[in-house]
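These are the residues of each chain, in order.
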Amino acid sequence: MLTLPLNSAESNLSLTGGKGHNLSILSRGGISVPGGFVVTTSAYHEFVNQNNKKLLTKIEATLTSHVDELDEASAIIQAEFRKQKFSTKLRNEIAERLSELDPQVNLAIRSSATCEDMPDASFAGQHDTYLNIPHSQVEENVVECFASLFTPRAISYRKRNNLSEVDAGMAVVCQCMASNQTASGVLFTANPLTGRRNESTLEAIPGLGEALVSGITEPDRYLVSRKNGEMTIKDKRIGAKSKTILAADGGGVKEETSLAASCEVLTDEEVKSIIDLGQNVQDLYGKPQDIEWTKSADGKFSVVQSRPITTLFPTPNVSMHPLQVFFSFNSVQGIIEPIYPAGQEAMRRGVLGGLLRWITWGRHGKTGEFIQTVGERLYINITNVLQNTLGRKILTTAMTGIDPASAMAIEELIEEDELEISSGVGPFFLIRLVSLYSLIMPRIIMSVLFPTWMRDRLYRRIEKIVESVEEKVSNANASGLSALVDVQIDVLQSYFRTMLPHILPRIGAGLAPLAILGKLSAHLPNGKDLVLTITRALPHNITTEMDLKLWSAAKVIQRNNKSLHHFKSTDADRLALEYLHGELPDVAQDAVSLFMSEYGMRGLYEIDFGRPRWREEPAPLMNTLKSYVEITGDHAPDKVFADGEKVAEAAITELGKLLNKPRLVSFLANRARQLAGLRELPKFTVIRMMGIIRAKMLIEGEKLVSIGALEDAKDLFYLETVEIKALVNDELADCKRIIIERKATMAQESKRTRLPRVIASDGFAYFGGTAKIVEGANVFSGEPVSPGVYEGRIRVVHDPSKTKMTQGEILCCHGTDPSWTPLFLSSGALVMEVGGLMTHGSVVAREYGIPAVVGLEKVTERLTTGQLVRVDGSSGTIEVLE
């Protein structure tokens, strides 16, 4: 069928396009929509395929020959569209549809592509619309809409979203103009700035909506809150409305100076009526909508377009009220990517669930409900903590060091009435606090008095625990995969219970002296920088030791001409494949194997149990080694580390003199350097445990592949424990479908380039950092976390596994975890979107002696690779020099 009535039940996305199908749903859903019809995609495909596919062939040839010349390609294709004529059948169908409409009422001709106004890609503004078109001019404007499928911005949009060019279809909505239209505007049924689902934003102008869409006038703006069945206009801003677009006599539109510039377009009651209309539309679709509306002279409101708001971050799966607040686990870990289902469960029921059970003596944490999966990322529910007197104080203080931007968001949410303090320090809490204090404090004292002995005891304890995990896994492996996943949850749940009482006192005994030194030196002009410098080249840091071991492997390769030439002349993917098959030059194979024997269980975003490890996919490591084998002289990691130790000792001496307390400063600094490096040990230990379990699961997964139950052994990590057990028992019939769907979901979610640090149950999503742009200058201001000043070229990195840093470049990224650390040795400075003084990237930057500034929202978009900048890690500023 080449045309359909606007309210046809036969409408669907592939036939009437996004806009046409949405209007059909609205019309049939009881929403006031001006009448009309749709020229379907069948008509479009008939149009481009007629005359032996002459036009379609031209489209394909032009797009192939003008890959990077979109403007020229668009002009050629659109010119070809205008040469084509409608078939007699299509012309007759359009004439028949027009005969059913009032000939005195002109039409709005709107493009309706099959890939626009979809749930996950709104495609807004990519195609053409023509207003107030007389019936006699409908055909030529429909052709223009067909041609607008190939505007430069539409072609570019489809490329970015991996949408087919040739398979795309275009329908065209031919809709009656609203009678004597006096006002129009846009309504978002959720607040697009904050994400709150109980707020709507409304913009209104006199005349046609084209003036608002084209940006030639400033509208009246309303922020409306909807709570407990009541509607309140929270904010109202009357726009200048200096210009207006009106329907012209004879067709088309005209621009005029507005006579209602200082007057409100709508009354408060009309505002509320539109909000009610918007809620009806949202209820029809079941999700927030971006709505274009009109008002006629008789006061009637109509909807002319509705599309989903695709920019909103999903909400947690909890009720909106009472308000609940969630903190991003991904942001703290420097993970912007989605977390595998197996990784989510490992945290929810395993590591973090076990931590909560241990802290609360088993009262909470059994099911992991306090962690929500939102957008395939993990968010921790901190509502109860914020509503507790002591909990709020501890959390807000700790958050300032972890991520100052998140602390700002939490402070904002605390102002909400629903987040008032509701509990204090009860008897159970006091008893538990005393028990923890009595357990940890003696070990802190012993660690301060005998740091080396206590550190060595901790190492021995960890090795015993890791050995016990290996034994449990080996025993479970004999019983099969089902028993293995039980061991996985048991090991991860018990991790903090068995390790934290021993690790925490040692780390505390190392970090507390730094805090004391910070307070003692607070009055000194360079006091903060000196204290931070004490942590340069911090010993006993497992991540630093890993980098030095990797450098040792690189030195072995450097000393062997055959291996060195091979690494320099072979790409990382090929080197990885050769390593896995034992085909590297012997010297290089042995050097890499030795490193892998200790650290092969590490990898990018390694806290996610589902992520591949270096020993499985070594290409990222080979990429880093290719950089390392080119390092010489003063840039050598062991030389940098040794120089850092000297700088740290000099800082200790200088601080002792300035404070006139050399012995005290020396004692405190010694304890910090002896123990603070242990802060990376808890994560490294749990990664070791995960590595042991994961390796065995992959072996079991290969068995399932051999019998056809799985396509790939790594597909196991798209399943949760209960599903794996069902699979083993042949009770998960749709296993492959589940895996395919979850892969698709993760692929879709991985397109998000920004994550909110804090979210709430009402949809509130806080993305921002602490960065400020100095007016009139190319200067960004964030959080200073590692002192020093450095000038160099920016290298924006989203995936360290695909990046080879050039010595001295400034690493600019969203966040880091230990797998990023090898890049630090080639970096001159660090710039991050997330983080605070105690996050991974900040700590490592200080240890490596490179300046660092964090908390810079959108810095990976604001700065580009190759830009020359000056990073001041003491003041927290970044100046763009060119």
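The coordinates are above.
Residues numbered from 1 in each chain as written. Predicted model: local features only at pLDDT ≥ 70, side-chain atom pairs only at ≥ 80, totals over all residues. Heavy atoms only, no water.

Caption draft 1: Layout of the overall build of the protein. Per the secondary structure count, the protein includes 30 helices and 27 strands. Here the C-alpha atoms of the protein give a radius of gyration of 31 Å, agreeing with the 29 Å that 2.2 N^0.38 yields for 882 residues. Along the first, second and third principal axes, the C-alpha atoms of the protein reach 95 × 60 × 60 Å. Residues classed as buried in the protein amount to 56% of the 882 residues present. When the accessible surface of the protein is totalled, it reaches about 37000 Å², and 52% of it is carbon and sulfur. (Helix = DSSP H or I, 4+ residues; strand = E, 2+ residues; numbered from the N terminus. Rg over C-alpha atoms; globule rule 2.2 N^0.38 Å. Buried < 20%, exposed > 50% of the residue type's maximum accessible area, 1.4 Å probe, protein only. Areas by Shrake-Rupley, 256 points an atom, 1.4 Å probe, with all protein chains shown as cover.)

Caption draft 2: Region of the structure containing the pairing of strand β14 (residues 325-328). The alternating pattern of β14 places V325 and F327 on one face and F326 and S328 on the opposite face, and all of these are buried. Across 3 bridges, β14 lies against strand β17 (residues 758-760) in antiparallel orientation. Bridge assignment links V325 to a residue of β17, and that residue is A760. Where β14 lies against strand β16 (residues 377-381), 3 bridges are found, and the strand directions are antiparallel. Considered in β16, the bridge of F326 is made with N381. (Pairing = 2+ DSSP bridges.)

Caption draft 3: A look at the packing of helix α15 (residues 451-479) against helix α24 (residues 662-675). In the contact formed by α15 and α24, the axes pass within 10 Å of each other and the chain directions differ by 15 degrees. Overall, the two elements α15 and α24 adopt an arrangement that is roughly parallel. Seen from above, α15 lies across α24 with right-handed handedness. Contacts between α15 and α24 involve P451, T452 and R455 on the former and, on the latter, R671, Q674 and L675. When grouped by side-chain class, the residues that make up the contact of α15 with α24 number 2 nonpolar, 2 polar and 2 charged. (Axes fitted to C-alpha atoms, helices over the stretch in contact; angles between N-to-C directions. Parallel < 35°, antiparallel > 145°, perpendicular 65-115°, else oblique. Left-handed = near helix turned anticlockwise from the far one by under 90°. Contact = heavy atoms within 4.5 Å. Nonpolar A, V, L, I, M, F, W, Y, C, P; charged D, E, K, R; others polar.)

Caption draft 4: Examining helix α14 (residues 427-449) more closely. Its 23 residues place the ends of α14 33 Å apart at the C-alpha level, agreeing with the 33 Å of an ideal helix rising 1.5 Å per residue. Of all the residues in α14, the buried ones are R432, L436, I440 and S447. Among the structural elements, α10 (341-359), α15, α16 (481-520) and α24 are those in contact with the buried residues of α14. (Expected span 1.5 Å × (residues − 1).)

Caption draft 5: The arrangement of α10 in detail. The end-to-end C-alpha distance of α10, which contains 19 residues, comes to 25 Å, matching closely the 27 Å that a straight helix rising 1.5 Å per residue would cover. At G353, α10 shows its maximal kink, close to 50 degrees. (Bend = angle between axes of the 7 residues up to and from the residue.)

Caption draft 6: Up close: the sheet that holds β14. Here 5 strands make up an open sheet; going across it, the order is β15-β16-β14-β17-β18 and the pairing antiparallel. Because the sheet does not close on itself, it has two edges, and the strands there are β15 (371-374) and β18 (765-766). Its contacts with the sheet place α10 against β15 and β16, and it is angled at close to 170 degrees to β15.

Caption draft 7: Layout of the state of the cysteines. Applying the stated criterion across every chain yields a total of 0 disulfides. C174 provides the cysteine sulfur closest to C176, a residue in no disulfide bond, and the two sulfurs are 9.8 Å apart. (Disulfide = S-S within 2.5 Å.)

Caption draft 8: Region of interest: the sheet that holds strand β13 (residues 301-308). Spatial ordering of the open sheet is given by β9-β8-β7-β6-β12-β13, a layout of 6 strands whose pairing is antiparallel. Looking at which strands have only one partner, the edges of the open sheet turn out to be β9 (230-237) and β13. Going across the sheet, the axis of each strand differs from the next one's by a mean of 20 degrees, ignoring polarity. In this sheet, strand β8 (residues 220-227) lies alongside strand β7 (residues 199-206) in antiparallel orientation, the contact comprising 6 bridges.

Caption draft 9: Quick look at a positive patch on the surface. Together, R457, R460, R461 and K464 make up a positively charged patch on the protein surface. Turning to its location among the elements, R461 is positioned in helix α15. You can call R461 partly exposed: its relative accessible area is 34%. (Patch = residues over 30% accessible without salt bridge, like charges linked within 9 Å, V, L, I, M, F, W, Y side chains within 5 Å. Salt bridge = Lys/Arg side-chain N within 4 Å of Asp/Glu carboxyl O. Lys, Arg positive; Asp, Glu negative; His and termini not counted. Charge placed at Lys NZ, Arg CZ, Asp CG, Glu CD.)

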